[in-house]
Amino acid sequence: MAITEKELEELFEKMPKKMEKNRRKHIMIKNGELESQAIEANTRTVPGVITNRGCAYAGCKGVVLGPIKDMIHITHGPIGCAFYTWGARRNKAKTEENVKNFMNYAFSTNMQEKDIVFGGEKKLAAMIDEVVDMFHPNAITISATCPVGLIGDDINAVAKAAQERHGIQVLAFSCEGYKGVSQSAGHHIANNNLMANVIGTGDMEKAPGKYSINILGEYNIGGDSWEIERFLKEIGYNIVCVMTGDGAWEHIRNAHVADLNLVQCHRSINYIAEKIQTKYGTPWLKVNFVGVQSTIKSLRDMATYFDDPELTKKTEEVIERELARVQPVIDQYAKICNNKTAFCFVGGSRGHHYQGLFRELGIETVLAGYEFAHRDDYEGREVIPDIKTDADSKNIPDFQVEPDPSRFHLRMSPEKMEELKQKIPLGDYAGMNLEMKDGDLIVDDLNHFETEEFIKLLQPDIFASGIKDKYVVQKMGIPAKQLHSYDYSGPYAGFNGAVNFARDVSMAFASPTWNYITPPWKTAPLLEGEFGEGGKA
């Protein structure tokens, strides 16, 4: 069931004029007959609208930095900010020999009213001294929250003094929540600092083995990274580091030696992928390990890049074995899921990645979008030169790199690179829109009003989203699959992950729970009224 232009116009008419003017640019119906369809993204949400986005601090500390297990991550700010970026995400990490693991701890300066009035620099410095004395970490990060930026605490000066005092790396991230449009700004801030001060500081001068790779934009939610590493290592790949799921500062320092960077989540880490290629010459390949067929394609693309008959043979052997093992199980679950429809509105690249897995189960995605995407996540990287830099983006320092005089080297000739680009997504991401069907709805920064209206119009069988909006959807009698941290399940990546996902989704469909829920809007509205100009009722 597709939405019509008439129905979309009726939805816009229910909005205040200011909101309508803004949201028209963020919502579109896929039309393959048009040469290009531009969508507005990475702009501020209209004030007063209930958005599902997070803040820059959440993107920096919560997404990128938090999963690095051998660093202590201090939140300089209120305790609530620290807990949100620690307890709400299921970044798993194993304790390895000679690698410390602090994932079970949340560290915060717990700023109080007096700290806001008199400043919190002394409290932060004292906390650094305390954690060094207690835990002896390899390195420390300090992430600033909104109050810190407002009162002017100089976290960079505190970090520099602590680094000199203790002889370990202390990195300061000015990622105050208001710094950008969404958590995407925090990704960028974290990437810049890691690139400037961590990557390339290790002692390795060459890769430790054949087929050495980095996995970028994989955060080990529910154990995703472990499943991906399982079959990659069996094929013969040598994983230098994962950024940053179950990642370690000790490993990230040597990321410069890899032969290839794999980019799973394009939005959160494409900045690092680009800069490593510029500084060290390492190409990056866009991969997707969500879904059986997407995983198979990514593995074959990797084998094409390395162009080694032995590696290709092993790749096909693993694919054949895994496919024979998991496909019969998935086919059974697909009988329950077949001919269902889904909304897929998730951050990162998941709004795109999970569509293939849904499709393998016989579920059609009729609405998709992202919380914090940029236009290239929808339309592909070719639109990057056309994206205008807004005022919020200027809050992030323009960090540039040059080829490293001693460590830069090309992994292959420019001619070979161009040849490979015609076969595999080397240094490219085509975006989500390309795979959407005509008539499907594409929505950026979906809000709660639109969520309810589109559910009424399209009546999806399942809604894949984040933790903040799933409860609203469930109260409407629709199963909600939480794809930011998977609630209590996972992994969902790779071959085993596809089986887990099929099981959980089919279980949601088979549950009788939804038969006992009658959404209020199916009977009578709880509140009636009209919007006037300026959003006044």
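Our subject is the structure listed above.
Per chain, the residues get numbers from 1 upward, laid out in the order the sequence is written. Totals for whole chains, interfaces and linings use all residues, but because this is a predicted model, local features are given only for residues with pLDDT of at least 70 and pairs of side-chain atoms are given and counted only at 80 or more. To obtain the side-chain values, all non-hydrogen atoms of the structure were included, while hydrogens and water were left out.

Asker: Can you break down the overall build of the protein chain residue by residue, with the values?
Answerer: Within the protein chain one finds 20 helices and 14 strands. Radius of gyration here uses only the C-alpha atoms, and the compact-globule reference equals 2.2 Å multiplied by the residue count raised to the power 0.38. In terms of C-alpha radius of gyration, the protein chain reaches 23 Å, essentially the compact-globule figure of 24 Å for 537 residues. With respect to the three principal axes, the spread of C-alpha positions in the protein chain is 65 × 65 × 45 Å. Here's how the labels work: a residue is buried when its accessible area is under 20% of the maximum for its type, exposed when over 50%, partly exposed in between, all with a 1.4 Å probe on protein chains only. Expressed as a percentage of its 537 residues, the buried residues of the protein chain come to 57%. The contact criterion used throughout is that any non-hydrogen atoms of two residues lie within 4.5 Å. Within the protein chain, counting contacts between residues at least 6 apart in sequence, those at least 24 apart form 76% of the total. A positive count includes Lys and Arg, and a negative count includes Asp and Glu. His and the chain ends are not counted in either. The atom standing in for a charge is NZ when the residue is Lys, CZ when it is Arg, CG when it is Asp and CD when it is Glu. Computing the positive centroid from 61 side-chain charges and the negative centroid from 74, the protein chain places the two 2 Å apart. We count a stretch as a helix when DSSP gives it H or I for four or more residues in a row; a strand needs E for two or more, and each element gets its number in order from the N terminus.

Asker: Residues and numbers for empty space enclosed by the protein, please.
Answerer: Put simply, the grid is 1 Å and covers the protein atoms alone, a cavity is a trapped set of points that fit a 1.4 Å probe, a pocket is an open set with protein on both sides within 12 Å along at least five of seven lines, and lining residues have an atom within 4 Å of a point. Grid points are joined across faces, edges and corners, and a volume is the space filled by probe spheres set on the points. Taken as a whole and assessed by the stated rule, the structure comprises 2 cavities of 30 Å³ or more. Volume-wise, the largest cavity comes out at about 490 Å³. Together, 33 residues line the largest cavity, and Val 63, Arg 89, Arg 350, Phe 372 and His 484 are the ones closest to its centre. Those elements that place two or more of their residues in the lining of the largest cavity are helix H3 (56-65), helix H4 (79-87), helix H9 (183-197), strand S6 (212-218) and helix H15 (350-360). Looking at the lining of the largest cavity, its residues break down into 12 nonpolar, 15 polar and 6 charged. Roughly 50 Å³ of internal volume is contained in the second largest cavity. When residues are grouped by polarity, Ala, Val, Leu, Ile, Met, Phe, Trp, Tyr, Cys and Pro land in nonpolar, Asp, Glu, Lys and Arg in charged, and all others, Gly among them, in polar. Looking at the lining of the second largest cavity, its residues break down into 2 nonpolar, 6 polar and 3 charged.

Asker: Give me the packing of helix H13 (residues 292-306) against helix H20 (residues 494-510): which residues, what numbers.
Answerer: Lines fitted to the C-alpha atoms define the axes, with helices restricted to the stretch that makes contact. Angles between their N-to-C directions range from 0 to 180 degrees. In the contact formed by H13 and H20, the axes pass within 9 Å of each other and the chain directions differ by 170°. What the angle tells us is that H13 and H20 run roughly antiparallel. Residues Val 292, Thr 295, Ile 296 and Leu 299 of H13 form the contact with H20, whose own contacting residues are Gly 494, Phe 495 and Ala 498. When an angle is under 35 degrees it counts as roughly parallel; over 145 it counts as roughly antiparallel; between 65 and 115 it counts as roughly perpendicular; any other value is oblique.

Asker: I'd like a description of the packing of aromatic side chains, backed by residues and values.
Answerer: Paired rings are identified among Phe, Tyr and Trp, the last through its six-membered ring, by centres lying within 6.5 Å, and are further divided according to the angle between planes into stacked (under 30 degrees), edge-to-face (over 60) and tilted (the rest). Per the stated rule, a full pass over the model turns up 17 aromatic pairs. Among the aromatic residues, those joined into a ring-pair cluster are Tyr 354, Phe 358, Tyr 486, Tyr 492 and Phe 501. Whether a charge sits over a ring depends on NZ of Lys or CZ of Arg being within 6 Å of the ring centre and within 35 degrees of the ring normal. Across from the ring centre of Trp 249, 4.7 Å away, lies the NZ or CZ of Arg 253, which sits over that ring. Here the basic side chain of Lys 340 rests over the ring of Phe 509, its NZ or CZ set 5.1 Å away from the ring centre.

Asker: Can you tell me about the pattern of salt bridges, naming the residues and giving the values?
Answerer: By definition, a salt bridge exists where a carboxyl oxygen of Asp or Glu is found within 4 Å of a side-chain nitrogen of Lys or Arg. For the coordinates displayed, the defined rule picks out 33 salt bridges. Glu 322 is the salt-bridge partner of Arg 321, the closest N and O atoms lying 2.5 Å from each other. By relative accessible area, Arg 321 is classed as partly exposed at 36%. When the shortest N-O distance is used, the salt bridge between Glu 379 and Arg 375 registers 2.8 Å. You can see Glu 379 and its partner Arg 375 sitting in helix H16 (residues 375-379), 4 residues apart, about one turn around the helix. Look at the salt bridges and you will find they share partners, linking Glu 227, Arg 230, Glu 234, Arg 321, Glu 322 and Arg 325 into a network.

Asker: Account for the sheet that holds strand S1 (residues 27-29), naming residues and giving values.
Answerer: Paired strands, as defined in this entry, are two strands with at least two bridges between them according to DSSP. The 6 strands are arranged S1-S12-S11-S10-S13-S14 in an open sheet whose pairing can be described as mixed. With partners counted over all chains shown, the strands left at the sheet margins are S1 and strand S14 (480-482), one partner each. The mean inter-strand angle of the sheet, taken between neighbouring strand axes irrespective of direction, is 25°.

Asker: Just give me the short version of the nonpolar core, but keep the residues and values in it.
Answerer: What is meant by a nonpolar core is a set of buried Ala, Val, Leu, Ile, Met, Phe, Trp, Tyr and Cys residues, joined one to another through side-chain atoms within 4.5 Å. One finds Ile 213, Leu 232, Leu 262 and Tyr 354 to be the most contacted residues of the largest nonpolar core, which totals 91 residues. Per-element accounting of this core gives the leading share, 7 residues, to H20. Not counting the four nearest positions on each side in its chain, Tyr 354 is found in contact with Val 290, Cys 344, Leu 483, Tyr 486, Tyr 492 and Phe 501. In this structure, Met 19, Phe 343, Val 366 and Leu 458 belong to the second largest nonpolar core, which totals 25 residues.

Asker: Outline the sheet that holds strand S5 (residues 169-173), supporting the account with residue identities and numerical values.
Answerer: Spatially, the 4 strands line up as an open sheet ordered S3-S2-S4-S5, and their pairing is parallel. Strand pairing shows two members of the sheet lacking a second neighbour, strand S3 (107-108) and S5, which therefore form its edges. Judged from the 2 bridges that link them, strand S2 (residues 71-76) and S3 form a sheet pairing that is parallel. Each bridged residue has a counterpart across the sheet, and for Ile 74 the counterpart in S3 is Phe 107. Running over the sheet, helix H6 (residues 121-135) touches S2, S3, strand S4 (139-144) and S5 and is turned about 155° from S2.

Asker: Please provide a residue-by-residue account of the environment of Lys 18, values included.
Answerer: With respect to the helices, strands and loops of the structure, Lys 18 is situated in helix H2 (residues 17-23). For Lys 18, a relative accessible area of 63% translates into the label exposed. Sequence-wise, Lys 18 and Lys 335 are 317 residues apart; in three dimensions their C-alpha atoms are separated by 46 Å.

Asker: Break down the pairing of strand S7 (residues 238-244) for me, with residues and values.
Answerer: Counting buried residues along S7, 6 of its 7 residues qualify, which places the element largely inside the surrounding structure. Where S6 meets S7, 6 bridges bridge the pair, whose relative direction is parallel. Note that in S7 the partner of Asn 214 across the bridge is Cys 241. The path from the first strand over the helix to the second decides the hand: if it runs clockwise while the strands point away from the viewer, the crossover is right-handed. The β-α-β motif built from S6, the intervening helix H10 (residues 224-235) and the parallel element S7 has right-handed crossover chirality.

Asker: Requested: an account of the pairing of strand S13 (residues 462-465), with residues and values cited.
Answerer: Side chains Ile 462 and Ala 464 of S13 all project onto a buried face; the interleaved residues Phe 463 and Ser 465 project onto the opposite face, where all are buried too. Bridge count for strand S10 (residues 340-345) against S13 is 3 bridges, and the pairing is parallel. Within S13, the residue paired with Cys 344 across the bridge is Ala 464. Direction of pairing for S13 relative to S14: parallel, over a ladder of 3 bridges. Residue pairing in the sheet places Ser 465 in a bridge with Gln 482 of S14.

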